[in-house]
Amino acid sequence: MSIADIRTDYRRQSLSEQDVAADPIAQFTRWFEEAVNAAVLEPNAMCLATATPDAYPSARMVLLKGFDARGFVFYTDYRSRKGQELADNPHASLCFFWAELERQVRINGAVQRVSRAESDAYFQSRPLPSRVGAWTSHQSMVLTDRSVLEQQLAANETRFASGQVPLPEHWGGLRIIPEELEFWQGRESRLHDRIQFRREAGAWVKRRLSP
Ligand SMILES: Cc1cc2nc3c(=O)[nH]c(=O)nc-3n(C[C@H](O)[C@H](O)[C@H](O)COP(=O)(O)O)c2cc1C
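Worth saying up front: this structure is predicted, and the values here are computed from it rather than measured.

Definitions and cut-offs
- Residues numbered from 1 in each chain as written.
- Predicted model: local features only at pLDDT ≥ 70, side-chain atom pairs only at ≥ 80, totals over all residues.
- Heavy atoms only, no water.
- Near = heavy atom within 4 Å.
- Polar contact = N/O pair within 3.5 Å; in protein donor to acceptor, adjacent residues only side chain to side chain.
- Areas by Shrake-Rupley, 256 points an atom, 1.4 Å probe, with all protein chains shown as cover.
- UniProt positions renumbered as here; feature names shortened; annotations may be inferred.
- Helix = DSSP H or I, 4+ residues; strand = E, 2+ residues; numbered from the N terminus.
- Axes fitted to C-alpha atoms, helices over the stretch in contact; angles between N-to-C directions.
- Parallel < 35°, antiparallel > 145°, perpendicular 65-115°, else oblique.
- Left-handed = near helix turned anticlockwise from the far one by under 90°.
- Contact = heavy atoms within 4.5 Å.
- Nonpolar A, V, L, I, M, F, W, Y, C, P; charged D, E, K, R; others polar.
- Buried < 20%, exposed > 50% of the residue type's maximum accessible area, 1.4 Å probe, protein only.
- Lys, Arg positive; Asp, Glu negative; His and termini not counted.
- Salt bridge = Lys/Arg side-chain N within 4 Å of Asp/Glu carboxyl O.
- Phe/Tyr/Trp six-rings, centres within 6.5 Å; stacked < 30°, edge-to-face > 60°.
- Patch = residues over 30% accessible without salt bridge, like charges linked within 9 Å, V, L, I, M, F, W, Y side chains within 5 Å.

1. Some words on the site of the ligand
In the vicinity of the ligand, the contacting residues are E42, R60, M61, V62, L63, Y75, T76, S80, R81, K82, Q139 and S140. Here an oxygen atom of the ligand and a backbone polar atom of L63 are 3.0 Å apart. S140 places a polar side-chain atom, nitrogen or oxygen, 2.6 Å from an oxygen atom of the ligand. Here the ligand loses 65% of its free accessible area of 620 Å² to cover by the protein chains.

Encoded structure:
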């Protein structure tokens, strides 16, 4: 079969202006719960797009670890490529695809570091190997060989044998403060439903976009 012949017709549901909540965070909460209940694989996996100040983009998957009216939080190594790009150009785009529900959510906004207290609370909730891993990997740096990583891991396992692992200076959360959110529901004949929220003069304005 040719790639060009792979296509799915979306017919499960629809999304009207009346269906969506007045507040996009309430709407995201509703859809996220539905994704969890539908046993979507890694429902909190999202594609994060960043860009350099001269607009060269890059994208990768990260895991959503919390959201509320303030925004959408993920954790990473601040020294990584994404961390550097967000330090230099603090704007990002997130994209979720929940295939089982034929839904996509896009979120754009400015990015801020979360507080150290918030990062520490999350870091300390992680399993020990993940906490040790955050000290072991200098994310996005070139490695000459995997054995270098394994040697650093062995050294850190000894160093943190007590199980007490402090939050590394270089590691923590980033929050995307939404300015624009779009809820996409696949429909038949590619005539999908798209409801977009934009923050305008401090209020959320809702509108339908053409598929
Ligand atoms: C499903 C999935 C979830 C991931 N979650 C994270 C995450 O929460 N934080 C993170 O730093 N990297 C995560 N990664 C790894 C990133 O995709 C990426 O490889 C890494 O962060 C380095 O990206 P960068 O060089 O652009 O900074 C995840 C990868 C996958 C496939």
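2. Digging into the UniProt feature "domain: Pyridoxine 5'-phosphate oxidase dimerisation C-terminal" (unreviewed entry) in the protein chain
Under the UniProt annotation, "domain: Pyridoxine 5'-phosphate oxidase dimerisation C-terminal" (unreviewed entry) lies at residues 171–211. Strand forms 71% of residues 171–211 and helix 0%; the C-alpha atoms that close the span are 39 Å apart.

3. Brief notes about the packing of helix α4 (residues 128–136) against helix α5 (residues 146–159)
Following both chains from N to C, one finds α4 and α5 inclined at 120°, their axes separated by 9 Å at the closest point. Taken as axis vectors, α4 and α5 run oblique relative to one another. Here the hand of the crossing between α4 and α5 comes out right-handed. Of the residues in α5, those in contact with V132, W135 and T136 of α4 are L149, Q152, L153, N156, E157 and R159. Its residues assigned to classes, the contact of α4 with α5 comprises four nonpolar, three polar and two charged.

4. A closer look at the side chain of R60
Inspection of the secondary structure puts R60 in strand β2 (residues 57–63). For R60, which is buried and forms no salt bridge, the nearest opposite charge comes from E85, at a distance of 4.2 Å. Side chain to side chain, R60 and T50 meet in a polar contact 3.1 Å long.

5. So, the packing of aromatic side chains
Under the definition given, this model contains 17 aromatic pairs. Between F67 and F72, the aromatic rings sit 5.7 Å apart at their centres with planes inclined by 10°, giving stacked as the arrangement. Its relative accessible area of 24% is what places F67 among the partly exposed residues. Ring geometry for F96 versus W98: centroids 5.3 Å apart, planes at 40°, classification tilted. Residue class for F96 comes out buried when judged on its relative accessible area of 0%. Ring pairs connect the aromatic residues F28, F32, F67, F72, F96 and W98, which therefore count as one cluster.

6. So, a nonpolar patch on the surface
A cluster of nonpolar side chains, contributed by M1, I3 and I6, occupies part of the molecular surface with about 450 Å² of accessible area. When you line up the elements, I6 lands in the segment before α1 (24–37). Residue I6 is classed as exposed on the basis of its relative accessible area of 59%.

7. Quick look at the UniProt feature "binding site: substrate" (unreviewed entry) in the protein chain
UniProt records the feature "binding site: substrate" (unreviewed entry) at R7, T8, D9, Y10, K65, Y122, R126, S130, R190, L191 and H192, using the numbering of this structure. Spatially, the listed residues are scattered: they cover 186 residues, and their C-alpha atoms lie as much as 43.3 Å apart. Overall, the relative accessible area of 35% leaves D9 in the partly exposed class. A polar side-chain atom of D9 sits 2.7 Å from a polar atom in the side chain of R11. Checked against the element boundaries, S130 lands in helix α4. Owing to a relative accessible area of 27%, S130 belongs among the partly exposed residues under this scheme.

8. Observations regarding unusual backbone geometry
The backbone of E102 shows a phi angle near 55°, a positive value even though the residue is not glycine. Mapped onto the elements of the fold, E102 is located in the loop between β5 (91–98) and β6 (103–113). Owing to a relative accessible area of 7%, E102 belongs among the buried residues under this scheme. Even without glycine at this site, S189 takes up a positive phi of about 60°. Relative to the helices and strands, S189 is located in the loop between β7 (171–185) and β8 (193–200). Taking relative accessible area as the criterion, S189 reaches 54% and is therefore assigned exposed.

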